[in-house]
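Below, each chain spelled out in residue letters.
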Amino acid sequence: KYEICNQAFFELQLKGQVMIFSKDALERHGCLSSLHISTLVWATKMNKILGRTCLHASKSSRNHPSYNESIDYTLSDKLYPMPKLPLLPDIAELACQQRELYPGEQLVGATVDVTSAYNQCPMTSDAAKLTATQIRIPNGARGWIHLVVIYLVCIFGCATAGNVYCQCAIAIDQLHNPKGKRRRSLTYIDDGMIIEPQRLIHRSTQEYIQIG
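Rules and cut-offs
Position numbers for residues start from 1 in each chain and track the written sequence from start to end. Local features in this predicted model are restricted to residues of pLDDT 70 or higher, and side-chain atom pairs are both shown and tallied only at a pLDDT of 80 or more, whereas totals for entire chains, interfaces and linings draw on every residue. The side-chain numbers reported here are obtained from all heavy atoms of the structure, hydrogens and water having been left aside. Any pair of Phe, Tyr and Trp rings, taking the six-membered ring for Trp, is counted once the centres come within 6.5 Å. Such a pair is stacked with planes under 30 degrees apart, edge-to-face with planes over 60 apart, and tilted for the rest. The helix and strand labels rest on DSSP assignments: H or I over at least four residues marks a helix, E over at least two residues marks a strand, and numbering proceeds from the N terminus. For every residue, the accessible area (1.4 Å probe, protein chains only) is compared with the maximum for its type, and the residue is labelled buried under 20%, exposed over 50%, or partly exposed between those bounds. Remark: a charge is flagged as sitting over a ring if the NZ atom of Lys or the CZ atom of Arg is within 6 Å of the ring centre and within 35 degrees of the ring normal.

Chemist: Kindly report on the packing of aromatic side chains, identifying the contributing residues and their values.
Modeler: In this structure the tally under the stated criterion is four aromatic pairs. Summarising the aromatic geometry, the rings of Tyr2 and Trp144 are spaced 5.3 Å apart at their centres and angled 80° between planes, so their arrangement reads as edge-to-face. Of this pair, Tyr2 sits in helix α1 (residues 2-14) while Trp144 is found in strand β7 (residues 144-151), placing the two residues 142 residues apart along the sequence. Overall, Tyr2 belongs to the partly exposed group, its relative accessible area being 30%. Linked through ring pairs, Tyr118, Phe156 and Tyr165 together constitute an aromatic cluster. Here the guanidinium or amino end of Arg52 rests over the ring plane of Phe156, the centre of that ring lying 3.7 Å away. One residue, Arg136, lies across the ring of Tyr2, its end atom 5.7 Å from the ring centre.

Written as structure tokens, this is what we have:
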């Protein structure tokens, strides 16, 4: 799948979400040893032909533990606590509350999915050095060019990426459902679920998108 992975990195580079270096250049300047390099894993994704290119952050080597094995989860949970995620009974309760508020009106629902949600969270330079990977691109008859890619944003594969993004999700949920006002949506990580009367659903959905 290297062609698909290379295309994914090309698109991330266009967005400024990764930095790409020649492996030879990093070795010449003595920078390679400061990076934690993990392999890649490709995963299928519904309705996306090219699937999802992930960092294999749980893969260790003979000499080094994996990125995920090296995380201080106790400290991470204090800094980035995972919120209580809504379940089906919570969605049903929201629908019942809206029915009581708007008796006789047709209720409808909408979902809002944040595009590449984890990529919305930038990493510090120290964290970025821990999430590097290697790719290769064909160089005609001369074989391959080996490149090192450093992520500048959170990515799939890192065990705590969801916790980090959920701090954004909490803010989105609180802004769309201000304290003391009626609740009109629930947020499950990067998916917003909105239930409103039909006459209000478009405005409510647009407000959720603007906040996100």
